[in-house]
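What follows is the residue order along each chain.
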Amino acid sequence: MGEKRISGQIKGFSKLSRDQKLQWLSDSFFENGKEAIEDFNRFRLSDPKTQKVLDGFSENTLSNYFLPFGIAPNFLINDKVYAVPMVIEESSVVAAASSAAKFWLTRGGFRFEIEDVEKLGQVHFFWSGNPLQLKELFDRELCEILKEHIAPFISNMEKRGGGVRNIDLLDKTHELDNYYQLWLSFDTCDSMGANFINTVLEECLKKMKIHFAETDYLRNGPQPEFLMAILSNYTPDCLVRASVDCPVSELQDASLTLEASEFADRFYKAVRIAGFDKFRAVTHNKGIFNGVDAVVIASGNDFRAVEACGHAYASRTGTYRSLTFCEIVDDHFTFRLDIPLALGTVGGLTCLHPLAKRALELLGNPTAKELMGIAACTGLAQNFAAIRSLITTGIQYGHMKMHLDNILNHLNASDDEVGKVVTFFEGKTISFNSVRNYLEELRCRP
Ligand code: MEV
């Protein structure tokens, strides 16, 4: 059958050299291909060794996509002060985290607790025999056989104090005909452990297949159909509880335009609304993830896994709710975040990405639990700062002030122009158009 070529389609793209890839893209997609190639080249590192490391993280890499690496200093967390590294592209986030950190620095700081770091994985399979027989087989020999088989794969992790905690068989035939799960729980110590978990799960799948095919009395019965083996990114047992608290009167601050008690009351109401209204809860939690993700990315962890898990946890009751809670009891204000975070500080990108390594060094090379706590406290700080702005000045006040820099950069404002624009907009509403118009007017002045 003749192959129909659609414009923009290519065969063997991955086999092309980087230059060939760029040339093809420039010919096919860009109006000014020469300039596009220059941009891609401009963002490559001049140090070939480090560039090779970055290229190695992904496939078909052409260049680097830089994000700002910022610092939120003065984070007092469990009695230790951290300068928290944050990688994020949104203006105001690092400033907000820093201001919340400074606020709580003199009010006892942030605290966190972690009960457990259990991670989970599943082997999904189908079997058409009697469920009771499968359960009996599992209890009698299969579980032990699997444990023996995976022993060499987990011995290193066991030496570090972790390993496989439990192997279970779950009958899911009420959900889907003949469907079962092998359910494994893990302790992966300071590593996120995705590769370790997936290796162990795949070994379990392989061994079960072999056992059914090679054991005389099982060979002639129904054979399992194995579908897949993969970790679960839902890790509710990696729960971090982060909190701040102080007497309501201590919420008073020079920059606060309200009485402390009114502030506490409005703050409480804002958090309550996010506790039942999902339209507000999603935005509220998004603000929490502004802080959490920035630390997760800076430390070379997987922010997609963290987000997916966090949002599933936020909807565990059947309704999507706020991840933070506020309580005012006997004039004492408490603000808390409960968030599952499966993070690692060894292995993977954490030790490959040069800046992830520096981020961890900045934090004193923390354990996984410590990093989980720091990320959660940064999320709580972010939520505190966002709500404080929302219920007082409104979010645009701080946002647009920070955004002014981006607008001025975009409009190629000179240092002199920046000074004049900043002075002019002091206390005024900032928008892209208003800044552009004022700048145009400035530029027309003789
Ligand atoms: C913006 O990135 C985050 C906020 O919308 C969060 C919130 O509304 O709570 C300010």
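Conventions we followed
Residues numbered from 1 in each chain as written. Predicted model: local features only at pLDDT ≥ 70, side-chain atom pairs only at ≥ 80, totals over all residues. Heavy atoms only, no water. Helix = DSSP H or I, 4+ residues; strand = E, 2+ residues; numbered from the N terminus. Buried < 20%, exposed > 50% of the residue type's maximum accessible area, 1.4 Å probe, protein only. Contact = heavy atoms within 4.5 Å. Areas by Shrake-Rupley, 256 points an atom, 1.4 Å probe, with all protein chains shown as cover. Lys, Arg positive; Asp, Glu negative; His and termini not counted. Charge placed at Lys NZ, Arg CZ, Asp CG, Glu CD. Near = heavy atom within 4 Å. Polar contact = N/O pair within 3.5 Å; in protein donor to acceptor, adjacent residues only side chain to side chain. Nonpolar A, V, L, I, M, F, W, Y, C, P; charged D, E, K, R; others polar. Expected span 1.5 Å × (residues − 1). Pairing = 2+ DSSP bridges. Axes fitted to C-alpha atoms, helices over the stretch in contact; angles between N-to-C directions. Parallel < 35°, antiparallel > 145°, perpendicular 65-115°, else oblique. Left-handed = near helix turned anticlockwise from the far one by under 90°. Domains from an automatic or database assignment. Buried area = accessible area lost by both parts, 1.4 Å probe. Salt bridge = Lys/Arg side-chain N within 4 Å of Asp/Glu carboxyl O. Core = buried A, V, L, I, M, F, W, Y, C linked by side-chain atoms within 4.5 Å. Patch = residues over 30% accessible without salt bridge, like charges linked within 9 Å, V, L, I, M, F, W, Y side chains within 5 Å. Disulfide = S-S within 2.5 Å.

K.L.:
What exactly am I supposed to notice about the overall build of the protein here?
P.N.:
A count of helices and strands for the protein gives 15 helices and 10 strands. Its C-alpha atoms give the protein principal-axis dimensions of about 95 × 70 × 40 Å. In the protein, buried positions account for 44% of the 446 residues. Within the protein, residue pairs in contact and separated by at least 24 positions form 69% of the contacts whose partners lie at least 6 positions apart. Here the protein has roughly 23800 Å² of accessible surface; of this, 53% comes from carbon and sulfur atoms. Considering the protein, the positive charge centre built from 48 side chains and the negative charge centre built from 58 side chains are found 4 Å apart.

K.L.:
How should the site of the ligand be read in this particular structure?
P.N.:
Looking at the ligand, the residues that line it are Glu90, Arg280, Thr283, His284, Lys286, Gly287, Asn290, Ala386, Leu390 and Ile395. Within the contact set of the ligand, an oxygen atom lies 2.9 Å away from a side-chain nitrogen or oxygen of Asn290. When the free accessible area of the ligand is taken as 300 Å², the share hidden by the protein chains comes to 87%. The greatest single-element share of the shell around the ligand, amounting to six residues, is contributed by helix H9 (residues 278-298). For the shell around the ligand, the residue count by class is three nonpolar, four polar and three charged.

K.L.:
I would appreciate a short explanation of helix H5 (residues 131-159) in the present structure.
P.N.:
Every α-helix carries 3.6 residues per turn, so stepping three or four residues along brings you back to the same face. In this model, H5 (29 residues) spans only 36 Å end to end at C-alpha, well below the 42 Å of a helix rising 1.5 Å per residue. For H5, every residue scored as buried is listed here: Leu134, Leu137, Phe138, Glu141, Leu142, Cys143, Leu146, Ile150, Ile154 and Met157. Its buried side turned inward, H5 meets strand S4 (119-126), strand S5 (163-171), strand S6 (179-187), helix H6 (194-214) and helix H7 (216-219). N-cap assignment for H5: the residue whose side-chain oxygen lies 2.8 Å from the backbone N of Leu132 is Asn130.

K.L.:
What am I meant to see in the sheet that holds strand S8 (residues 239-247) here?
P.N.:
Strand-to-strand pairing in sheets goes through backbone hydrogen bonds, with the strands running parallel or antiparallel. Read from one edge to the other, the open sheet built from four strands follows the order S3-S8-S10-S9, with strand pairing classed as antiparallel. With one partner strand each, in any of the chains shown, strand S3 (111-114) and strand S9 (324-329) form the two edges of the open sheet. The sheet shows a mean angle of 20° between the axes of neighbouring strands, direction not considered. Contacts from helix H8 (residues 260-274) reach S9 and strand S10 (332-340), with the element oriented near 145° to S9. Packed onto the sheet, helix H12 (residues 368-390) meets S3, S8, S9 and S10 and runs at close to 125° relative to S10.

K.L.:
Can you help me understand the packing of H9 against helix H10 (residues 303-314) in this one?
P.N.:
When two helices pack together, you describe them by how their axes are tilted relative to each other and by the distance separating the axes. Across the interface, H9 lies against H10 with an axial gap of 10 Å and an inter-helix angle of 150°. Here H10 runs roughly antiparallel to H9, going by the angle between their axes. In the crossing of H9 with H10, the sense of the turn from one axis to the other is right-handed. Residues Asn285, Phe289, Val292, Asp293, Val296 and Ile297 of H9 lie in contact with H10, whose contacting residues are Phe303, Val306, Glu307, Gly310, His311 and Ala314. Taken together, the residues of the contact of H9 with H10 break down into seven nonpolar, three polar and two charged.

K.L.:
Is there a simple way to think about the domain arrangement of the protein in this case?
P.N.:
One widely used convention gives an interface's size as the accessible area the parts lose upon coming together. Taken domain by domain, the protein holds domain 1 (13-55), domain 2 (69-115 + 237-393), domain 3 (119-232) and domain 4 (399-444). The C-alpha-based centres of domain 2 and domain 4 are spaced at 31 Å. Listed as interface residues are four residues of domain 2 and, on the opposing side, four residues of domain 4. Between domain 2 and domain 4, roughly 310 Å² of surface is buried when both sides are summed, and carbon and sulfur atoms account for 52% of that area. Here domain 2 is connected to domain 4 by zero salt bridges. Inspection of the domain 2/domain 4 interface yields zero residue pairs in polar contact (both at pLDDT 80 or more).

K.L.:
I tried to follow the sheet that holds S6 on my own but got confused; where do I start?
P.N.:
Judged by pairing direction, the sheet is antiparallel, and its four strands sit side by side in the order S5-S6-S4-S7 without closing on themselves. Two strands lie at the open edges of the sheet, namely S5 and strand S7 (225-232), each paired on one side alone. Across this sheet, the average inter-strand angle for adjacent strands is 15°, counted without regard to direction. Relative to the sheet, H6 contacts S4, S5, S6 and S7, its axis offset from that of S7 by approximately 160°.

K.L.:
I'm lost on the nonpolar core in this one. Help?
P.N.:
In this structure, Phe75, Phe267, Phe333, Phe335 and Leu341 are the most contacted members of the largest nonpolar core, which totals 69 residues. Among the elements that make up this core, the one with the highest residue count is H12 (11 residues). Excluding residues within four positions of it along the chain, Phe267 makes contact with Cys326, Phe333, Phe335, Phe384, Ile387, Arg388 and Ile391. In terms of nonpolar packing, the next biggest core, distinct from the first, is built from 32 residues, Leu134, Cys143, Ile154 and Leu169 among them.

K.L.:
In this structure, what is going on with a nonpolar patch on the surface? I would like to understand it.
P.N.:
Residues Val53, Phe57, Leu349 and Leu352 make up a contiguous nonpolar surface patch of about 290 Å² in total accessible area. Assignment of secondary structure puts Phe57 in the loop between helix H3 (48-55) and strand S1 (69-77).

K.L.:
I would appreciate a short explanation of the state of the cysteines in the present structure.
P.N.:
The term disulfide refers to a covalent linkage connecting the sulfur atoms of a pair of cysteines. With the rule as written, the count across this model stands at zero disulfides. Not part of a disulfide, Cys204 finds its nearest cysteine sulfur in Cys143, a span of 9.0 Å. Free cysteine: Cys246, not disulfide-bonded; nearest cysteine sulfur from Cys326 at 10 Å. A residue is classified by how much of its surface remains accessible, and Cys246, at 1% relative accessible area, is buried.

K.L.:
So what exactly am I meant to see when it comes to the environment of Arg280 here?
P.N.:
Within the secondary structure, Arg280 sits in helix H9. Arg280 gets classed as partly exposed once you look at its relative accessible area, which sits at 24%. Along the primary structure Arg280 and Thr393 are separated by 113 residues, whereas in three dimensions their C-alpha atoms are 18 Å apart. Setting aside chain neighbours within four positions, we find Arg280 in contact with Ile273, Ala274 and Leu390.

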